[in-house]
Amino acid sequence: MLKVSNVKKDGNKIHFTVSGITPQIANALRRTIISEIPVMAIEEVEYQDNSSVINDEVLAHRLGLIPLKTDLKTYNFLADCTCKGKGCAKCTTILTLNVSGPKTVYASDLKSKDPEVIPVHPKTPLVKLTENQAVKFQAKAILGFASDHIKWQAGLASYEEKKTGYDFMVESYGQLSVNDLVSEAFNTFEEKLITLKKQLK
């Protein structure tokens, strides 16, 4: 029987021991934490102005990699939403930027329609504008999985096999608290096992 013990939290990291599982199960749990916990990330950017030295595609890629704080209770997946993928407040949040140089633009300059979905690291530099340069856009952020793109990765996980079990280390990137990340991972993993048992029957 799976048992969790020796739980120790240190900031955005947590250590715990899992016993009663096989190496295959331990690795499956690690992969679940890394690639199957959904978080918000910018998926689409619509520019009204970009006279910076960074072209649209590169800036959009940079924006997508900004970790955004995520409330999993608030949002649906775009494909599962009642809006049928059109994008609404239940599955999408809008972040806007309208700045002119000279200045260094930071993640904190993004204005989010949802005060709960904001950059984890506000001091992340986006672009440096000189005089007469400006950036103006509207960006859409949605839920996704790291298995689809690294920008939706919620954290890292590793483990070491010991006589007493498997010593796990999990680190959150900040979109979710490390407690929520681990809790969501165990729930997801349990749901997968239940689904597999049903399929085997």
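Above this text sits the structure in question.
Just so we're clear, the structure is a prediction, and the values are computed from it rather than from any experiment. (Residues numbered from 1 in each chain as written. Predicted model: local features only at pLDDT ≥ 70, side-chain atom pairs only at ≥ 80, totals over all residues. Heavy atoms only, no water.)

Describe the packing of aromatic side chains, naming the residues involved and giving the relevant values.
All told, the structure shown has six aromatic pairs when counted by the stated rule. Judged by centre distance (5.7 Å) and plane angle (75°), the ring pair of Tyr 159 and Tyr 166 falls under edge-to-face. Using a relative accessible area of 29% as the deciding quantity, one classes Tyr 159 as partly exposed. Seen in terms of ring centroids, Tyr 159 and Phe 168 are 5.2 Å apart; in terms of plane orientation they differ by 35°. Their pairing is tilted. A relative accessible area of 1% means that Phe 168 is categorised as buried. (Phe/Tyr/Trp six-rings, centres within 6.5 Å; stacked < 30°, edge-to-face > 60°. Buried < 20%, exposed > 50% of the residue type's maximum accessible area, 1.4 Å probe, protein only.)

Could you give me a rundown of the environment of Leu 126, with the residues and numbers involved?
As for its position among the elements, Leu 126 is in strand 7 (residues 125–129). Residue class for Leu 126 comes out buried when judged on its relative accessible area of 2%. Each C-alpha atom of the pair Leu 126 and Arg 62 lies 7.2 Å from the other, and the pair is 64 residues apart in sequence. In contact with Leu 126, not counting residues within four places along its chain, are Ile 54, Leu 59, Arg 62, Leu 63, Ile 66, Val 105, Tyr 106, Ala 107 and Leu 110. (Helix = DSSP H or I, 4+ residues; strand = E, 2+ residues; numbered from the N terminus. Contact = heavy atoms within 4.5 Å.)

Could you give an account of the sheet that holds strand 1 (residues 3–10), naming the residues involved and the relevant values?
Strand order in the open sheet formed by four strands is 1-2-10-9, and the pairing between neighbours is antiparallel. Only two strands of the sheet have a single neighbouring strand rather than two, namely strand 1 and strand 9 (155–162). The mean angle between the axes of side-by-side strands here comes to 15°, regardless of whether they run parallel or antiparallel. The sheet contacts of helix 1 (residues 23–35) involve strand 9 and strand 10 (165–172), and relative to strand 9 the element is tilted by about 165°. In the packing of helix 3 (residues 178–200) onto the sheet, the strands contacted are strand 1, strand 2 (13–19), strand 9 and strand 10, and the crossing angle to strand 2 comes to about 30°. (Pairing = 2+ DSSP bridges. Axes fitted to C-alpha atoms, helices over the stretch in contact; angles between N-to-C directions.)

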